[in-house]
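Topology and contacts: notes
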Amino acid sequence: MATPGDQPVASWLSTQRLSAVLAKEFIQMRRDRVTFAMMLGVPLMQLILFGYAINNDPRGLPAALVDNSRDHYSRAVVAAMETSGYYRFVEIAATAAAAEDLLARGGVAFVVTIPSDFGKRVDRNQHPQLLVEADASDPAASSNAIGALNNIVTRALARQRSSHVVPDSSELEIVVHRRYNPEGISQYNIVPGLLGVILQMTMVMMTSMALTRESERGTMENLLAMPATPTEIMLGKILPYLVVGAVQVVVVLGAARLLFSVPFLGSLTLLLTGVLIFVLSLVMLGYAISTVARTQMQAMQLTFFFFLPSLLLSGFMFPYRGMPAWAQVLGEFFPLTHFLRVIRALMLKGSHWHTIHGEMWVLVAFVIAFTGLALVRFRNTLD
Amino acid sequence: MSAIDVKGLTKCYGGKPVVDRVSLRVDEGEIVGFLGPNGSGKTTTIRMICGLLTPDAGSGTVLGHDVIRDSLRIKTQVGYMTQRFSFYEDLTIAENLTFVARLYRLHPVASEVDRTLNALGLAPRRDQLAGTLSGGWKQRLALAACIMHAPKLLLLDEPTAGVDPKARRDFWDEIHHLAADGLTVLVSTHYMDEAERCHRIGYISNGKMIATGTVDQVVRDSGLSTFVVRGQNLERIAESLAKLPGIEQVAPFGNSLHVVGTDQTALNKAMASLEAESGIRVSPGETSLEDVFIKFMSASNNKNSVVENQSPKDTGNRNGNTGGPARG
């Protein structure tokens, strides 16, 4: 039998030593179930999200109709718009004001107004006009639909008049108002959203380490042996990150103004309230993760597992309305989705409390849910 | 009033009792040693007493408070020193102590910290990061942190593991000083000399308390007799001795052998026949606490786990195979 001394020690690759390292790595990989699940789960999740949910040519965008004409021409135009697949009329608004409110609320992406003399002008070839107001706070979401509009309407009118007359698109005038971001500057959409993304990344990740760091370093036993209540430990661990979050908010909002000239139309108080609730929901989520994870590594992985879909499904990277219904439902479960609506509404649309309070309350619900989860999961003993 | 008076404490992991109906009574001002092999349930018992673990069964009081329901009140009056150093390595000595002082709501914080630093000779190193301290200094910091709120009961879990003899001696002198002032101490240890410095000891094995009392009582109750054998070729004699009836332990101590057994007559007979051989002198010896513990450990069938309490969950599963029938 060969003794270790018989073998050449200096060989740079020994299959035996290599297999020793390999075998050890595989054993450790198998023992760390969470990491193993992540390695299989993340690619699958990315595949499904990128493959099915993300669509850069959003269709079926909700629109409101203000029809002052109410004749066969206007019906034909509406029908053609729906047939095109880009527009989905969800509201027949009675007044322009009601439609305006829907647009501000984010209930619809377009308001299509057909003037009362529309039919008359079509018959007399007097440059019939159509007014389309688009929510351009996300310019990418509406651009394709607007681009296709002229063609859709011209053909529809031609079919209505007489099939042998060649349609003349120059007759028709479609007035497009790109609301909230008239020049379609994508920074106006991205930069306020970035505030949410930056906050989410740092807040969740830092607080998810809060308890796992204590257990990993062995200091948890001591902390629990001393008279600190679960609430004190929780508050003590999350409050510092509210300060960090406040600094980030100032930096990002300042940069939005100075570097990117993003308009800020709404109330600062409302914005700060929204940011505070959002940050609270994030630190509570992070803390809840730290009550679930057993190591800092697991906490990181759980954070990442949460981070990726929320980035893709919240409407930050891709138009929310471009996603299929199931992905939109999934997107509702991320605080970022609701925060993006709040901050875009406040900065670009100058919205008031009555248009955004629904989203605010959802954020409050997240805070309550995550706090409850954390307090239920927290163990005041080592059991 | 007893500082600790618990009955039938039980803790199970995976359906297997790690601590099995342990009862313990410690009077005020007493230093009680808690002994037993690794994985026998010492740490688990201590954690139940200080409220870190909820017992599955059992009842009792610690400092007059209910051990199950009043754990927060118990925590404020107990100092618990963990087996592994569990203060913040990225904080200095003074910062660690300030943290502890605030948790216990001591007033004024700064002077309480200074007082503790001076009392334990930590003042010269007050601004040193705890992570850079040697084992002995870490232990002193841990002791300082768990006595600064003037607890009535000190629970020390193997406080002197990995500490040099001088620091160990200083540590025990400190413990005796504190006990003289009325502090009650329950300390787990592996060291026989430390056990002998306790007023009373308790021996736990496989989660069961199998002996309690003063050192003398425990030695006497064990029923062991000891002979000291001197002479030539002791190594060879030791092997044959171990096979003789009545002899349970043969342990070399320098130039002599300690021969220990329970059955007095069988042991006497074996010694008499041995003495007849040339060059061998046999004399009656004192049974030591260590002899008693070796007997306890052998009797417990070697079933105990190798590693104790890195995580409570580990203790249940690490136990080796069933082991043979009991010796002795």
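Predicted, not measured: the structure shown is a model, and the values here were computed from it.

1. Examining the interface of chain B and chain A
Tallying the contact residues gives 18 residues for chain B and twelve residues for chain A. Elements with a contribution of two residues or more to the side of chain B that touches chain A: helix 2 (71-77) and helix 3 (93-103) of chain B. Counting residues per element, the side of chain B that touches chain A draws most heavily on helix 2 of chain B, at three residues.

2. A word on the domain arrangement of chain A
Residues and elements named next belong to chain A. Under the domain assignment, chain A is made up of domain 1 (61-179) and domain 2 (186-377). Placing a centre on the C-alpha atoms of domain 1 and another on those of domain 2 gives a separation of 39 Å. Opposite the ten residues of domain 1 that make contact, domain 2 presents twelve residues. Secondary structure elements with two or more residues in the side of domain 1 that touches domain 2: helix 4 (96-105) and helix 6 (139-161). At three residues, helix 6 tops the list of elements feeding residues into the side of domain 1 that touches domain 2. Residue composition of the side of domain 1 that touches domain 2, grouped by class: six nonpolar, two polar and two charged.

3. Considerations on the nonpolar core
The biggest cluster of nonpolar side chains holds 93 residues, and the ones touching the most others in it are A:Ala63, A:Ala64, A:Phe110, A:Val283 and A:Met284. Among the elements that take part in this core, helix 11 (residues 268-292) of chain A stands out by supplying 13 residues, more than any other. Looking at this core, you find at least three residues from each of domain 1 (61-179) and domain 2 (186-377) of chain A. The contact partners of A:Ala64, leaving out residues within four places of it in the chain, are A:Val90, A:Glu91, A:Ala93, A:Ala99, A:Leu102, A:Val108 and A:Val111. Grouped together as the second largest cluster of nonpolar side chains are 83 residues, B:Val18, B:Val32, B:Val229 and B:Ile247 included.

4. Remarks on the sheet that holds strand 4 (residues 129-135) of chain A
Residue and element names in this part refer to chain A. Here we have five strands laid out as an open sheet, ordered 2-1-3-4-5, and mixed in their pairing. The open sheet terminates on both sides in strands that have one partner only, identified here as strand 2 (87-92) and strand 5 (173-179). When the angles between neighbouring strand axes are averaged without regard to direction, this sheet yields 25 degrees. Against the sheet, helix 3 (residues 72-83) contacts strand 1 (61-67), strand 2 and strand 3 (110-114), and its axis sits at roughly 130 degrees relative to strand 2. Along the sheet face, helix 6 touches strand 1, strand 2, strand 4 and strand 5 and points at about 170 degrees away from the line of strand 4.

5. A word on the environment of A:Thr83
Position of A:Thr83 among the secondary structure elements: in helix 3. The spatial distance from the C-alpha of A:Thr83 to the C-alpha of A:Ala256 is 40 Å, given a sequence separation of 173 residues.

6. Focus on the environment of B:Leu52
Position of B:Leu52 among the secondary structure elements: in the loop between helix 1 (42-49) and strand 4 (57-62). The class of B:Leu52 is buried, set by 25 C-beta atoms lying within 10 Å. Once the C-alpha coordinates of B:Leu52 and B:Lys138 are considered, the two residues, 86 residues apart in sequence, prove to be 22 Å apart. Among all residues touching B:Leu52, those that are not within four sequence positions of it are A:Glu221, A:Leu224, A:Ala225, A:Thr381, A:Leu382 and B:Arg47.

7. Points about the pairing of strand 14 (residues 280-285) of chain B
Residues and elements named next belong to chain B. Little of strand 14 is tucked away: zero of the six residues are buried. Of the strand pairs in this sheet, strand 11 (residues 225-231) and strand 14 are connected by six bridges, and their pairing is antiparallel. When the bridges of strand 14 are listed, Phe227 appears paired with Pro284.

Procedures and definitions
- Residues numbered from 1 in each chain as written.
- Chains lettered and ligands numbered in written order.
- Predicted model: local features only at pLDDT ≥ 70, side-chain atom pairs only at ≥ 80, totals over all residues.
- Contact = placed C-beta atoms within 7 Å.
- Helix = DSSP H or I, 4+ residues; strand = E, 2+ residues; numbered from the N terminus.
- Domains from an automatic or database assignment.
- Nonpolar A, V, L, I, M, F, W, Y, C, P; charged D, E, K, R; others polar.
- Core = buried A, V, L, I, M, F, W, Y, C linked by C-beta atoms within 7 Å.
- Buried ≥ 20, exposed ≤ 12 C-beta atoms within 10 Å, placed from the backbone.
- Pairing = 2+ DSSP bridges.
- Axes fitted to C-alpha atoms, helices over the stretch in contact; angles between N-to-C directions.

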